[in-house]
Amino acid sequence: MIGRLAGTLVEKSANRILLDVGGVGYEVHVPLSTFYELGEEGSRVVLQVHTHVREDALSLFGFLTRKEKSLFSLLIQISGIGPKLANTVLSGLPAEELASAVARGDLVRLTRIPGVGRKTAERMVLELREKMAKLAPEPEEAAAAGGTFHGDVVSALVNLGYPRSRAESAASRGARDGSDDSFEALLKAALRRLSG
């Protein structure tokens, strides 16, 4: 089983990358949260990897953080959630927000993720609530990461054409940097994050 890969980024697209490790090219499926944090082609990348083996295929799923890999492993244990849907779930919500939504039983938030219907969201909450509570940020952290203007800034960024997961990540990081005292300050901080 492959658990970690370190190499040179050869190609990248929204849901997969090609990583050169010692002359061998590994095709790795990645969630959008990992994709947006990767450097340009030619840069060095270290990924935490889940190896998914089926009768007819061997697939690699890569993550920049152990937390994302842990969430992925928990998600694929749920009946009806395979690795592709688990990857979509991680693309739909940043890891901390996903853990928090499941821990709180926030079905509305979970069903906004493409491919996640009410029954799947209910199974996620039922089977993972206690485990996710340990991974969810503390209330103070959650408030700092999702302050008063967080939702408004995310909505504004989505209206500007940014994917929701990327907008939420940028707004959360802007809030953690202390730029959440006004809507304008948080929006500017998030836009700076998104522009590089």
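Please refer to the structure higher up on the page.
Everything numeric here is computed off the predicted structure, so don't read it as measured data.

Calculation rules
- Residues numbered from 1 in each chain as written.
- Predicted model: local features only at pLDDT ≥ 70, side-chain atom pairs only at ≥ 80, totals over all residues.
- Heavy atoms only, no water.
- Buried < 20%, exposed > 50% of the residue type's maximum accessible area, 1.4 Å probe, protein only.
- Helix = DSSP H or I, 4+ residues; strand = E, 2+ residues; numbered from the N terminus.
- Arc of directions from axis to C-beta.
- Pairing = 2+ DSSP bridges.
- Polar contact = N/O pair within 3.5 Å; in protein donor to acceptor, adjacent residues only side chain to side chain.
- Patch = residues over 30% accessible without salt bridge, like charges linked within 9 Å, V, L, I, M, F, W, Y side chains within 5 Å.
- Areas by Shrake-Rupley, 256 points an atom, 1.4 Å probe, with all protein chains shown as cover.
- Salt bridge = Lys/Arg side-chain N within 4 Å of Asp/Glu carboxyl O.

K.L.:
Before we move on, could you go through helix 2 (residues 66-75) and cite the residues and values that matter?
P.N.:
Buried within helix 2 are the following residues: E68, L71, F72, L74 and L75. Mapping the buried residues of helix 2 onto a view down its axis gives an arc of 160 degrees, with all of them on the same face.

K.L.:
Give me the lowdown on the pairing of strand 5 (residues 58-63), citing residues and values where you can.
P.N.:
Where burial is concerned, most of strand 5 is hidden: five out of the six residues are buried. Pairing geometry for strand 3 (residues 24-29) and strand 5, over two bridges, is parallel. In the sheet register, V28 faces strand 5, and the bridge partner there is L60. Both strand 4 (residues 44-53) and strand 5 contribute to a ladder of six bridges, which runs antiparallel. The residue of strand 5 that forms the bridge with Q48 is F63. Here strand 4 folds back onto strand 5 in antiparallel fashion, the turn holding four residues.

K.L.:
Break down the side chain of S91 for me, with residues and values.
P.N.:
Relative to the assigned elements, S91 resides in helix 3 (residues 83-92). Among the polar contacts listed, one links the side chain of S91 to the backbone nitrogen of L32, at a separation of 2.8 Å.

K.L.:
Outline a nonpolar patch on the surface, listing residues and values.
P.N.:
There is a patch of nonpolar side chains on the surface, built from M1, V53 and L58 and spanning about 390 Å² of accessible area. Within the secondary structure layout, M1 lies in the segment before strand 1 (4-13). Relative accessible area serves as the criterion here: at 82%, M1 is assigned to the exposed category.

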